[in-house]
Amino acid sequence: MFEENVLEIGHITHFFPKISVAVLELTSPLAVGDRILIKGPATDFEQVVESMQVEHTNIQRAEAGQSIGLKMAQMVKVKDNVYKKL
């Protein structure tokens, strides 16, 4: 399925197109600087995590079980899967 080692870390639960921010529900930790892949029926791109927020507060790291706001490089859809490149 993938050319490189990746770990599924969560999925998109909301997307705000005007500000290009997605809400990501995490099943594994994620940190600023991590490279992620976003994949879905109409989505397939990768980007580096440049900033994350929880309740409008910038954070450097999020843990499994948290829902975070993430600035996206492209449009995403609800239920798109998110993977971290290892």
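What you see is a predicted model, and the numbers here were worked out from it, not measured in a lab.

Moving on, we get to the overall build of the protein chain. Along the protein chain, the regular secondary structure elements total zero helices and ten strands. Its C-alpha atoms give the protein chain a radius of gyration of 12 Å, near enough to 12 Å, the size a compact globule of 86 residues would have. For the protein chain, the spread of C-alpha atoms along the three principal axes comes to 35 × 25 × 20 Å. Taken across its 86 residues, the protein chain has 41% of its residues classed as buried. Of the contacts made within the protein chain by residues no fewer than 6 positions apart, 62% connect residues no fewer than 24 positions apart. Of the roughly 5300 Å² that the protein chain leaves accessible, carbon and sulfur atoms contribute 50%. Computed over 9 positive and 11 negative side-chain charges, the inter-centroid distance for the protein chain is 5 Å.

The next subject is the nonpolar core. Formed by 19 residues in total, the largest nonpolar core has its most connected members in Leu 24, Leu 30, Ile 36, Met 52, Ile 68, Met 72 and Val 76. Not counting residues up to four positions away in its chain, the partners in contact with Met 72 are Phe 15, Ser 20, Ala 22, Ile 38, Phe 45 and Gln 47.

Time to look at unusual backbone geometry. Most peptide bonds are trans, and most residues other than glycine sit at a negative phi. Here Glu 55, not a glycine, exhibits a phi torsion of approximately 50°, which is positive. Turning to its location among the elements, Glu 55 is positioned in the loop between strand 6 (52-54) and strand 7 (57-59). At His 56, a residue that is not glycine, the phi angle is positive and equals roughly 70°. Residue position: His 56 is located in the loop between strand 6 and strand 7. What makes His 56 exposed here is its relative accessible area of 74%.

Here we take up the sheet that holds strand 5 (residues 43-48). Strand order across the open sheet formed by eight strands is 5-4-10-1-2-9-6-7, with antiparallel pairing between neighbours. Two strands bound the open sheet, and with one partner strand each, they are strand 5 and strand 7. Within the sheet, the average angular offset between the axes of one strand and its neighbour, ignoring direction, is 35°. Two elements, strand 4 (residues 35-40) and strand 5, share six bridges in a ladder whose sense is antiparallel. Among the inter-strand pairings, Gly 40 is bridged to a residue of strand 5, identified as Thr 43.

Thresholds, definitions, all that
Residues numbered from 1 in each chain as written. Predicted model: local features only at pLDDT ≥ 70, side-chain atom pairs only at ≥ 80, totals over all residues. Heavy atoms only, no water. Helix = DSSP H or I, 4+ residues; strand = E, 2+ residues; numbered from the N terminus. Rg over C-alpha atoms; globule rule 2.2 N^0.38 Å. Buried < 20%, exposed > 50% of the residue type's maximum accessible area, 1.4 Å probe, protein only. Contact = heavy atoms within 4.5 Å. Areas by Shrake-Rupley, 256 points an atom, 1.4 Å probe, with all protein chains shown as cover. Lys, Arg positive; Asp, Glu negative; His and termini not counted. Charge placed at Lys NZ, Arg CZ, Asp CG, Glu CD. Core = buried A, V, L, I, M, F, W, Y, C linked by side-chain atoms within 4.5 Å. Pairing = 2+ DSSP bridges. Axes fitted to C-alpha atoms, helices over the stretch in contact; angles between N-to-C directions.

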